[in-house]
Amino acid sequence: MMHKLLTSLTIIALLATCTTKEEKTQVPDVEPGDYRPAYHYAPPQNWTNDPNGLVYLDGEYHLFYQYNPEADTWGHMSWAHAVSEDLKTWEELPLALAEYQNADSTETMIFSGSVVVDSLNTSGFFEPGFKKGMVAIYTSHVHQEIDGKDQGVAQHQSLAYSADKGRSWKYFDKNPVLDIGMKDFRDPSVFWYEGMWKMVVAKPKEYAVQIYESSDLKKWTRLSEFGRMGDMAKIWECPSLFKVPVEGNEEEKWVMLISSAAEDTEFTGMQYFVGSFDGKRFQADRQKGVRRVDYGKDFYAAIPFNNLPANQPKPIILGWASNWVYAGKTPTTGYRGMFSLPRQLSLRPDSSGVYHLIQQPVFKDKISTKTLTMKAPDLKAGVVLKMDAGNSYRLNLTIELDEAENFSVKLLNNEMEESVLAYDVVTNKLTLDRTKSGKVDFHEKFPSVESMIVPPRNGELKLDIFVDNSIVEIFANDGAAVLTDLVYPTKKKGEVAIGTNL
Ligand code: FRU
């Protein structure tokens, strides 16, 4: 009873701060710089794609990432570097690994990879006893101009190392350390397991991941190959393999993440497999269909942080929030590309024993947040919220479904534009429609409608919605299903309309 009274009071209080459509307020236009997110990380300038070498050391989370130091389009791929103490505020550091010229007429770009802390100095790169050496294992992408066209000639895995927590690096003088003579062989993800280094690395065009091991990061022995299952509509990239705790008991399972999966073959995305790993071979549990990490169009190349402290058993991943289909055309100025919120992972078994990935944002608590519970009559009456922080906010919504009919949440709402989240109570389908979200015509594939099935839990639908100037990230039912999409509204109205008859 008390709970119900409080709910109604919350709504009345919120209504008091609401504006109506009739009110003629001066709505500021979105200026070129306004797409920059306030609580997601985007580089100060230039192009960025995949996160690389996510690693924790001595109180710092390191984010290395694919970066073009010269332009806001893809090219000259190098690793940029930012650090954070709280996964919320990031400090940009100097470029970590730059592309280099080779002795012949080729050049090497630094493609995606990982960083480990070599605390036992297995590599011998550091002074005896030094415990804080970082080793980067990256794909050396060799390319050359052939008949006037820039072409890749080889991809292999190489090393660089740093004795000052990633501030300066040396390339290993005997690179590459793993070369199988393939043009497409990339994105090594390395982790320490039972006294050995393990690497998962993609053979993109074969929809396969190879697993290797090494005692010193320099000599690698092939253990097994996994793949040719799940989604094979697009090449496989950026694999990772790690343990994830199961909610409610002491169990842990292994999860393999792969970037590329998509029901619609036009689009990139990510899929996951749950299974077991015996140190040599990853065996996926039986699964029905493709399992998607995120149902939006803009979550890719996510990998986990290495070396998290022992009191942090849940892995944390971070993804590139964009899509190769239109990434080079997004209408931002001075920079292009950004990252998702960091997400903590766990697994939840359903009644038939299938494990589902649960993702919870590790969010910035300074985010301006509105928390609201609504029931069927509230939805019928409708509500328009005014967000104080304009187009950057968190909206934590609980819908008590009971007698509720279909309803929608119009985010980034103004007279001409809306990013519409809609729920169908019969099919349990949650849809995000960005076809009228603002600037959509920079690429014909951008205006899109995404959906995911979210069954209610205990009669409720919970929507934790993060809107940050040019991104919408939705965590439904405490992270049971997640959807990430970029959007480019042209007004800073900060209005949200919620209801059945909008
Ligand atoms: C994935 C990817 C990787 C590659 C990198 C190049 O987005 O294509 O496979 O290493 O980007 O920038």
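Residues numbered from 1 in each chain as written. Predicted model: local features only at pLDDT ≥ 70, side-chain atom pairs only at ≥ 80, totals over all residues. Heavy atoms only, no water.

**With respect to the sheet that holds strand E21 (residues 343–349)**
Now for step 1: Strand order in the open sheet formed by four strands is E18-E19-E21-E22, and the pairing between neighbours is antiparallel. One side of each edge strand has no neighbouring strand; the edge strands of this open sheet are strand E18 (300–304) and strand E22 (355–361). The mean angle between the axes of side-by-side strands here comes to 40°, regardless of whether they run parallel or antiparallel. (Pairing = 2+ DSSP bridges. Helix = DSSP H or I, 4+ residues; strand = E, 2+ residues; numbered from the N terminus. Axes fitted to C-alpha atoms, helices over the stretch in contact; angles between N-to-C directions.)

**A short note on the domain arrangement of the chain**
Now for step 1: When its domains are assigned, the chain resolves into domain 1 (8–30 + 367–499) and domain 2 (33–361).
Now for step 2: Between the C-alpha centres of domain 1 and domain 2 the distance comes to 32 Å.
Now for step 3: The partner domain 2 presents 34 residues to the 38 residues of domain 1 that form the contact.
Now for step 4: Summing both sides of the interface, domain 1 and domain 2 together bury roughly 3,000 Å²; the carbon and sulfur share of this comes to 58%.
Now for step 5: Joining domain 1 to domain 2, the criterion identifies four salt bridges.
Now for step 6: Asp 298 is the salt-bridge partner of Arg 434, the closest N and O atoms lying 3.0 Å from each other.
Now for step 7: Of all the secondary structure elements, the ones that give two or more residues to the side of domain 1 that touches domain 2 are strand E25 (392–400), strand E29 (449–453), strand E30 (460–468), strand E31 (471–476) and strand E32 (481–486).
Now for step 8: The dominant element in the side of domain 1 that touches domain 2, judged by the number of residues it contributes, is E32, at five residues.
Now for step 9: Grouping the amino acids of the side of domain 1 that touches domain 2 by side-chain chemistry returns 16 nonpolar, ten polar and twelve charged. (Domains from an automatic or database assignment. Contact = heavy atoms within 4.5 Å. Buried area = accessible area lost by both parts, 1.4 Å probe. Salt bridge = Lys/Arg side-chain N within 4 Å of Asp/Glu carboxyl O. Nonpolar A, V, L, I, M, F, W, Y, C, P; charged D, E, K, R; others polar.)

**What about the site of the ligand?**
Now for step 1: Taken together, 13 residues lie near the ligand, and Asp 50, Gln 66, Arg 186, Asp 187 and Glu 237 sit nearest.
Now for step 2: Within the side chain of Asp 50, a nitrogen or oxygen atom sits 2.7 Å from an oxygen atom of the ligand.
Now for step 3: Gln 66 is positioned with one of its side-chain polar atoms (N or O) 2.7 Å from an oxygen atom of the ligand.
Now for step 4: Burial of the ligand by the surrounding chains reaches 96%, relative to a free accessible area of 320 Å².
Now for step 5: Every element with two or more residues in the shell around the ligand is listed here: strand E1 (46–57), strand E6 (107–117), strand E10 (186–193) and strand E14 (237–245). (Near = heavy atom within 4 Å. Polar contact = N/O pair within 3.5 Å; in protein donor to acceptor, adjacent residues only side chain to side chain. Areas by Shrake-Rupley, 256 points an atom, 1.4 Å probe, with all protein chains shown as cover.)

**Some words on the side chain of His 143**
Now for step 1: Looking at the element boundaries, His 143 is found in strand E7 (residues 134–146).
Now for step 2: A distance of 2.8 Å separates a polar atom in the side chain of His 143 from a polar atom in the side chain of Asp 150.
Now for step 3: Not counting residues within four places of it along the chain, the set of residues in contact with His 143 comprises Glu 99, Thr 106, Glu 107, Met 109, Asp 150, Gln 151, Gly 152 and Val 153.

**Comments concerning the environment of Gly 75**
Now for step 1: Along the chain, Gly 75 falls in the loop between strand E2 (60–68) and strand E3 (78–84).
Now for step 2: With 24 residues separating them in the primary sequence, Gly 75 and Glu 99 have C-alpha atoms 9.9 Å apart.

**Focus on unusual backbone geometry**
Now for step 1: A cis amide bond links Asn 175 with the next residue in sequence, Pro 176, at an omega value of -5°.
Now for step 2: By secondary structure assignment, the location of Pro 176 is in the loop between strand E9 (170–171) and E10.
Now for step 3: In this structure, Asp 187 takes a positive phi of about 65° despite not being glycine.
Now for step 4: By the element assignment, Asp 187 lies in strand E10.

**Section: the packing of aromatic side chains**
Now for step 1: Summed over all chains, the structure comprises 41 aromatic pairs.
Now for step 2: Summarising the aromatic geometry, the rings of Tyr 100 and Tyr 171 are spaced 4.7 Å apart at their centres and angled 65° between planes, so their arrangement reads as edge-to-face. Of the two residues, Tyr 100 sits in strand E5 (residues 100–101) while Tyr 171 sits in strand E9, which places them 71 residues apart along the sequence.
Now for step 3: Residue Tyr 100 is classed as partly exposed on the basis of its relative accessible area of 23%.
Now for step 4: We classify Tyr 171 as partly exposed; its relative accessible area is 30%.
Now for step 5: An aromatic cluster is present here, built from Tyr 35, Tyr 326, Phe 442, Phe 446 and Tyr 488 joined pairwise through their rings.
Now for step 6: Above the ring of Phe 299, the side-chain terminus of Arg 343 is found at 3.9 Å from the ring centroid.
Now for step 7: The positively charged end of Arg 434 is found above the aromatic ring belonging to Phe 446, 3.8 Å away from the centroid. (Phe/Tyr/Trp six-rings, centres within 6.5 Å; stacked < 30°, edge-to-face > 60°. Buried < 20%, exposed > 50% of the residue type's maximum accessible area, 1.4 Å probe, protein only. Lys NZ or Arg CZ within 6 Å of the ring centre and 35° of its normal.)

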